[in-house]
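Listed below, chain by chain, are the residues.
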Amino acid sequence: MRDSILHALLRVLDLLPWTRRRKPGRHSAAHLDHDPVHPVPDEVPCSAWAKPWPGISSRQARAVFLADAELDLTPDQRERRWAAAFAELGVDYPYAYPGDHFSAVG
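Our subject in this report is the structure included herewith.

About the criteria used
Residues numbered from 1 in each chain as written. Predicted model: local features only at pLDDT ≥ 70, side-chain atom pairs only at ≥ 80, totals over all residues. Heavy atoms only, no water. Helix = DSSP H or I, 4+ residues; strand = E, 2+ residues; numbered from the N terminus. Buried < 20%, exposed > 50% of the residue type's maximum accessible area, 1.4 Å probe, protein only. Contact = heavy atoms within 4.5 Å. Areas by Shrake-Rupley, 256 points an atom, 1.4 Å probe, with all protein chains shown as cover. Core = buried A, V, L, I, M, F, W, Y, C linked by side-chain atoms within 4.5 Å. Patch = residues over 30% accessible without salt bridge, like charges linked within 9 Å, V, L, I, M, F, W, Y side chains within 5 Å. Salt bridge = Lys/Arg side-chain N within 4 Å of Asp/Glu carboxyl O. Phe/Tyr/Trp six-rings, centres within 6.5 Å; stacked < 30°, edge-to-face > 60°.

Let's shift gears to the overall build of the protein chain. Of the regular secondary structure elements, the protein chain holds four helices and zero strands. Mapped in sequence order, the helices and strands of the protein chain form the string α-α-α-α. The buried share of the protein chain, taken over its 106 residues, is 11%. Here the contacts in the protein chain between residues at least 6 apart in sequence split such that 18% fall between residues at least 24 apart. For the protein chain, the exposed area adds up to about 10,200 Å²; of that, 60% sits on carbon and sulfur atoms.

Shown next, in the form of structure tokens:
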């Protein structure tokens with residue numbers, strides 16, 4: 001109840017021109033942003049295209065998916081082989097199997 005009364009009183013006082021603050025309060029974001037002793041440097045926006053690609057190249061992924069040794073495997077065996085090949089390259093391949101607690105397969 002006291003908080004709502006205080007907020008209502010502050011709103012009324014904000015409407016009166018002689019009660020307005022000329023500077024931001026010391027706990028406001030505007031006051032904390034303006035620090036002459038420790039100025040914040042301007043942030044330089046960095047494009048996503050300027051950073052190197054974090055994953056494997058398309059040539060490496062294509063080599064995993066189109067390996068000749070996997071043509072005669074069943075789909076489950078092929079999926080396991082792909083998951084192992086991507087794990088060797090350091091990529092997390094989302095492999096789900098029946099009985100997996102993290103997927104909705106089984």
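For the rest of this paragraph, the subject is the nonpolar core. Formed by Ile 56, Ala 61, Val 64, Trp 82, Ala 83, Ala 85, Phe 86 and Tyr 93, the largest nonpolar core amounts to eight residues. Of all the secondary-structure elements, those providing two or more residues to this core are α3 (58-65) and α4 (75-89). For this core, the leading source of residues is α4, giving four residues. Discounting residues that sit within four places of it in the chain, Ile 56 has contacts with Ala 61, Phe 86, Leu 89 and Val 91.

The next thing to look at is a nonpolar patch on the surface. A cluster of nonpolar side chains, Leu 6, Leu 9, Leu 10 and Leu 13, forms an exposed patch at the surface whose accessible area comes to about 330 Å². With respect to the helices and strands, Leu 10 occurs in helix α1 (residues 2-15). Relative accessible area serves as the criterion here: at 42%, Leu 10 is assigned to the partly exposed category.

What follows concerns the packing of aromatic side chains. Under the definition given, this model contains two aromatic pairs. Between Phe 65 and Trp 82, the aromatic rings sit 4.7 Å apart at their centres with planes inclined by 85 degrees, giving edge-to-face as the arrangement. In this pair, Phe 65 sits in helix α3 while Trp 82 sits in helix α4, placing the two residues 17 residues apart along the sequence. Three or more aromatic residues link up through ring pairs in this structure, and these residues are Phe 65, Trp 82 and Phe 86.

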